[in-house]
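Residue-level listing of the chains:
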Amino acid sequence: MRTIVTIAGILVLAAISGAGAQAPSSWPVHSTARPRPPVVDPGPAAPPSRPPSDAVVLFDGTDLSSWRADDGGPARWRVGGSGAGGWFEVVPGTGSLVSAASFGDVQLHIEWASPRPVRSEGQDRGNSGVYLMDTYEVQVLDSYENPTYADGQAAAFYGQHPPLMNATRPPGEWQSYDIVFRAPRFDAAGRVTRPARVTVLHNGVLVHDAVELTGPTAHEDRPPYEAHAPRLPISLQDHGAPVRYRNIWVRDLSDG
Ligand code: MG
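Residues numbered from 1 in each chain as written. Predicted model: local features only at pLDDT ≥ 70, side-chain atom pairs only at ≥ 80, totals over all residues. Heavy atoms only, no water.

Draft legend 1. Looking closely at the overall build of the protein chain. Along the backbone of the protein chain there are one helix and 15 strands. For the protein chain, the residues scored as buried account for 49% of the 256 residues in total. Once local pairs closer than 6 in sequence are excluded, the contacts in the protein chain between residues at least 24 apart make up 69%. Entry remark: accessible area of the protein chain is about 12,000 Å², with carbon and sulfur atoms responsible for 55%. (Helix = DSSP H or I, 4+ residues; strand = E, 2+ residues; numbered from the N terminus. Buried < 20%, exposed > 50% of the residue type's maximum accessible area, 1.4 Å probe, protein only. Contact = heavy atoms within 4.5 Å. Areas by Shrake-Rupley, 256 points an atom, 1.4 Å probe, with all protein chains shown as cover.)

Below, the structure is given as structure tokens:
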């Protein structure tokens with residue numbers, strides 16, 4: 001029997017293989033038809049462990065001295081708890097936090113917890129974000145039994161790559177991101193010569209496997225790269241929800 005391959009069939013096959021390979025641009029930005037990743041139980045949270053000896057510690061549980069407000073003033077988010085279990089929390093309306101130091105290629109460890117009790121739903125439930133180079137957002141969201149568009153759920157590179165799995169713990173429980181980020185490279189004319197490349201584990205579960213970013217992350221847009229400095233701060237998003245963070249450290253992977 002002759003096999004009839006239709007355009008629609010090719011598109012379906014492309015979509016299926018695209019989802020598996022995390023192809024970013026075969027789906028419109030924030031498409032609600034894009035398959036949401038399977039749910040996996042990552043197991044229980046562990047207490048914060050001591051950072052590696054060569055890490056730059058950005059929060060050790062005590063104070064926000066490694067951070068600034070995005071207007072350049074002092075960080076105004078709330079610090080609570082004590083010792084290694086200390087945390088800080090978004091104070092809605094005070095703006096994002098920006099690291100005092102700048103980084104290029106990094107290994108970043110960061111822990112977060114979405115608010116409990118839960119309020120609202122979708123993108124309004126526990127939204128924050130971890131921005132590499134103040135430009136490329138790994139979404140922070142309460143994605144525990146809270147469906148939203150796949151490229152906007154927890155651990156998504158917002159608007160580009162959904163995570164391979166939904167490894168989100170329930171609201172109020174501590175979660176971790178371990179991110180290996182290779183910054184984009186630009187030539188003297190400002191053209192991108194190597195896109196940013198990222199590997200991420202969410203609660204120890206692989207959710208991005210050396211995927212390339214299409215450019216800066218954005219809402220309802222996939223803008224192209226614009227040349228920027230080789231080192232820029234890490235920032236944390238104020239999206240109006242009192243998300244908590246703790247135990248943040250970076251290993252600098254830049255080669256000079
Ligand atoms: Mg966000």
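Draft legend 2. Region of interest: the sheet that holds strand 14 (residues 232-236). Pairing is antiparallel across the open sheet formed by five strands, whose spatial order is 2-5-14-7-8. Both edges of this open sheet fall to strand 2 (67-69) and strand 8 (136-140), since each of them pairs with a single strand only. Averaged over all pairs of adjacent strands, the angle between their axes in this sheet comes to 30°, without regard to strand direction. Bridging between strand 2 and strand 5 (residues 97-103) involves three bridges; their strand directions are antiparallel. Bridge pairing in strand 5 links R68 to V98. (Pairing = 2+ DSSP bridges. Axes fitted to C-alpha atoms, helices over the stretch in contact; angles between N-to-C directions.)

Draft legend 3. Highlighting the pattern of salt bridges. Counted according to the given criterion, the structure contains 11 salt bridges. Between E89 and R78 there is a salt bridge, with the nearest N and O atoms lying 3.3 Å from each other. Residue E89 is found in strand 4 (residues 87-89), and its partner R78 is found in strand 3 (residues 78-80); the two are separated by 11 residues along the sequence. On the basis of relative accessibility, which here comes to 11%, the residue E89 falls in the buried class. Via salt bridges that share partners, R34, D151 and R222 belong to a single interconnected network. (Salt bridge = Lys/Arg side-chain N within 4 Å of Asp/Glu carboxyl O.)

Draft legend 4. Spotlight on the coordination of the magnesium ion. Bound to the magnesium ion are the protein donor atoms N127 (OD1), S128 (O), E137 (OE), Q139 (OE1) and Q237 (OE1), situated 2.2 to 2.3 Å from the metal. Here the donor residues of the magnesium ion share one chain and are spaced in sequence as N-S-x8-E-x1-Q-x97-Q. Here the two residues S128 and E137 agree in accessibility, since each one is buried. (Donors = N, O, S within 2.8 Å, 3.2 Å for Na, K, Ca; no water.)

Draft legend 5. Structural context of the packing of aromatic side chains. Throughout the structure, instances matching the rule amount to 10 aromatic pairs. Relative to Y245, the ring of W77 lies with its centre 6.5 Å away and its plane at 20°, an arrangement referred to as stacked. With W77 in the loop between strand 2 and strand 3 and Y245 in strand 15 (residues 244-252), the pair connects residues that are 168 residues apart, well separated along the chain. Using a relative accessible area of 5% as the deciding quantity, one classes W77 as buried. In this structure Y245 comes out as buried when scored by relative accessible area, which is 0%. The side chain of R244 reaches across the aromatic face of W87, ending 3.5 Å from its centre. (Phe/Tyr/Trp six-rings, centres within 6.5 Å; stacked < 30°, edge-to-face > 60°. Lys NZ or Arg CZ within 6 Å of the ring centre and 35° of its normal.)

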